[in-house]
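# Breakdown of the fold
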Amino acid sequence: LGGNGLTRPDPMMRFLLLVIAAGAVEETNLEVTDDENSCDKGLLLLQRQSRKLSEEKEAEEWGGSCQSYGCRHGYHSWMKCQCNSECEKYGNCCGDFQAKCVKGSQGGQDQESPQGGSCVSYGCGTSYIASNLCQCNDECSKYGNCCSDFGSTCYSKGQDETDETDETDESQAPATPGPATTPLPHSKYRLVWRAEGEDFFSKFNFLWDDPNHGSAQYLIPPQAEQEGVVEATRHWAILRAGRRSPQYKYKRMTARIETKASWKNFLSIFKFSHVPYGCGVWPALFTLADHGQWPNGGELDMLEYVNMDVSKASFHTGGSCTLDSSKVNEYGNMPDRNEMNYDCVTNYPDRLGCAPNKWMKSAQNWANSPGVLATQWTEDFIKLFYIPEYEIPQDIKDEAPAPEDWDRWLFSYYPLSGTSCQIAAQKLMMQINFCGDWAGKVWSLDGNCKYKAQNCRAVDPLREYAPQEDCCTKFIWDPDNRYGTDQYLQQRAYFNISYIKIFQ
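Residues numbered from 1 in each chain as written. Predicted model: local features only at pLDDT ≥ 70, side-chain atom pairs only at ≥ 80, totals over all residues. Heavy atoms only, no water.

## Notes on the pattern of salt bridges
Spelled out, the test is: Salt bridge criterion: a side-chain nitrogen from Lys or Arg within 4 Å of a carboxyl oxygen from Asp or Glu. Type-normalised accessible area, obtained with a 1.4 Å probe on protein chains alone, sets the label of each residue: buried when under 20%, exposed when over 50%, and partly exposed for intermediate values.
This model, assessed by the stated rule, comprises 16 salt bridges. A salt bridge links arginine 351 to aspartate 343, with the nearest nitrogen and oxygen atoms 2.7 Å apart. On the basis of relative accessible area, arginine 351 is assigned to the partly exposed category, the value being 36%. Under the relative-accessibility criterion, aspartate 343 is labelled buried at 17%. Because the salt bridges share partners, they merge into one network encompassing Arg194, Glu196, Glu399 and Lys501.

Here it is in structure tokens:
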């Protein structure tokens, strides 16, 4: 290679080999000449290219990319580089901004969604592909791991292929008045409250206390916005895990919010494209009585799980509250996943409340299953529905919901008629916690998490205060960046919400 047989290559050839090895042939402006300085120039290029590759590798490892941050965020000082529409103006874009946020969106990806797997890039198929972040096959809705654009990319395509008489592209059709834009006549519900758009978080109170003894430092405005743990645009709102607390040892910044209003007998619709998950993470979307001592008045956990475990809806209250099992199972087999025989009275650690669930999803499956989580609460029953994004019915889109038609999406049911369950008006709450008296306590039981931190043990903070020995806290706190927790959480631990609407 370059030279006469076994002879040493001349300086000209040595220079070219060095430049090729550095991958910098297209980047060099040096004039290539056959002189004694050529090798020095080649070595300089090699050093520059090596340093560049090292910096890119370090940035990627610690989250300095739009692949990990997601696109179209506002400016955040904790990000090593930016992925928003103004970054080119200020010269602080991540290296993959053009590829991930500009070219990617021009290729058909959702302009308003954080980056991730998509059916546009994977293509639609019939088989499961383990290497894909999400799936684009006919079974993905069954297993709750569809890509967010599965409905628009594959489901719509399938409809076009099977229904030759309907060739209208709705995205190109003119907007004309008609039934699709008027309330459905049989809907008995009317919109009374909504959180949506840039003022999403103005409808909530920010709470700073942590009743779960976890590793969260809950922020309130304006610090919550400044640290980037909450963010709202015209199309979506984000509540995420933030950086390590500079103020409190063993804490990581995030947010905990509750609605300023409360309701009794209502229908809530929560539309999302991502929910948090991951080792050490404890997210929750739930309702809570607006007064009184817990659990009196009721608490409904619509979405709650820890680490990589499954989520199960559950209800908690005081006094006396036992559901009729024959009524519970009228909508299909719904075993009490808490094994309390449908007794909803809660007094930890022995009485856990009731949890009738037809099925349960893992934390990661929920994150990969965008759609609607709806709760219908009446004097006679509570129903929980999960509707995949590509199946959202027109009545929801028209803000004229007809939950009597949603039973095929029902996954949890609480017949209240004939019981003495204590129920008060409810506030809607949402939070991301870490570790504490659930996620930390069961850390060693999760095969996906228990090996992430070493020389530690699972600590129950209700029995002892030992965060320095707790494996979960050690991973979440990660003061020396040993575990790469910052990037791990940036990619996993966030709510992405389109809207929350309350009807009565």
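## Re the packing of aromatic side chains
Cut-off, in case you're wondering: Stacked, tilted and edge-to-face are the three classes applied to pairs of Phe, Tyr and Trp rings, where Trp contributes its six-membered ring and a pair requires centres within 6.5 Å; stacked means planes under 30 degrees apart, edge-to-face means over 60, and tilted covers the rest. Working rule: Lys NZ or Arg CZ, within 6 Å of ring centre, within 35 degrees of ring normal, means a charge sits over the ring.
A complete count under the given rule lists 25 aromatic pairs for this structure. Ring geometry for tryptophan 359 and tryptophan 366: centres 6.0 Å apart, planes at 40°, overall tilted. An aromatic cluster is built from Trp193, Phe200, Phe201, Phe204, Phe206, Trp263, Phe266, Phe315, Trp377 and Tyr414, whose rings are joined through pairwise contacts. Directly above the aromatic system of tryptophan 193 lies the positively charged group of lysine 203, at a separation of 5.9 Å from the ring centroid.

## A short note on the side chain of asparagine 338
For the record, the criterion: The secondary structure listing takes helices from DSSP runs of H or I that are at least 4 residues long and strands from runs of E that are at least 2 residues long, numbered from the N terminus. The term polar contact refers here to a pair of N or O atoms within 3.5 Å; inside protein, the definition further demands a hydrogen-donor-capable atom paired with an acceptor-capable atom, and it admits residues adjacent in sequence only when both atoms are side-chain atoms. In what follows, residue pairs with any heavy atoms lying within 4.5 Å of each other are defined as contacts.
Its place among the elements puts asparagine 338 in the loop between helix 10 (325-328) and strand 13 (346-347). Here glycine 353 takes part through its backbone oxygen, which lies 3.0 Å from a polar atom of the side chain of asparagine 338. In contact with asparagine 338, other than residues within four places in its own chain, are Lys312, Ser314, Leu352, Gly353, Cys354 and Ala355.

## Describing the confidence of the model for the protein chain
What counts, and what does not: pLDDT gives the predictor's per-residue confidence on a scale running from 0 to 100.
Per-residue pLDDT for the protein chain has a mean of 81; in total, 73% of the residues score no lower than 70. When the criterion is pLDDT under 50, residues 1-7 qualifies, and its contacts beyond four places in sequence or with other chains add up to five contacts. Under a pLDDT of 50 for its full length, residues 104-115 has, in the predicted model, 25 contacts with residues more than four places off or in other chains.

## Structural notes on the pairing of strand 10 (residues 299-304)
Spelled out, the test is: For two strands to be treated as a pair, DSSP must find at least two bridges joining them.
Of all the six residues making up strand 10, six are buried; the element is thus mostly covered by neighbouring parts of the structure. When strand 9 (residues 281-289) meets strand 10, the two strands line up antiparallel, connected through five bridges. Note that in strand 10 the partner of leucine 288 across the bridge is glutamate 299. Bridge count for strand 10 against strand 12 (residues 314-316) is three bridges, and the pairing is antiparallel. Of the residues in strand 12, the one forming a bridge with glutamate 299 is histidine 316.

## Structural notes on the state of the cysteines
So the rule is basically this: Only a pair of cysteine sulfur atoms within 2.5 Å counts as a disulfide in this structure description.
Throughout the structure, instances matching the rule amount to six disulfides. Covalent S-S linkage joins cysteine 435 and cysteine 472, the inter-sulfur distance amounting to 2.1 Å. Negative torsions about the S-S bond denote left-handed disulfides, and the value of about -90° found for cysteine 435 with cysteine 472 makes this one left-handed. With cysteine 435 in the loop between strand 19 (426-434) and helix 13 (436-439) and cysteine 472 in helix 14 (residues 471-477), the pair connects residues that are 37 residues apart, well separated along the chain. Like cysteine 472, cysteine 435 is buried.

## Some details on the pairing of strand 16 (residues 371-377)
Every other side chain in a regular strand lies on the same face of the sheet, so the side chains alternate between the two faces. Across the seven residues of strand 16, seven count as buried, placing the element largely inside the fold. The pairing of strand 8 (residues 266-274) with strand 16 spans seven bridges and is antiparallel. By the bridge assignment, phenylalanine 266 is partnered in strand 16 with tryptophan 377. Sheet analysis places strand 16 next to strand 17 (residues 381-388), joined by seven bridges and oriented antiparallel. Along strand 17, the bridge assignment pairs tryptophan 377 with isoleucine 382. The hairpin turn running from strand 16 into strand 17, its antiparallel successor, is three residues long.

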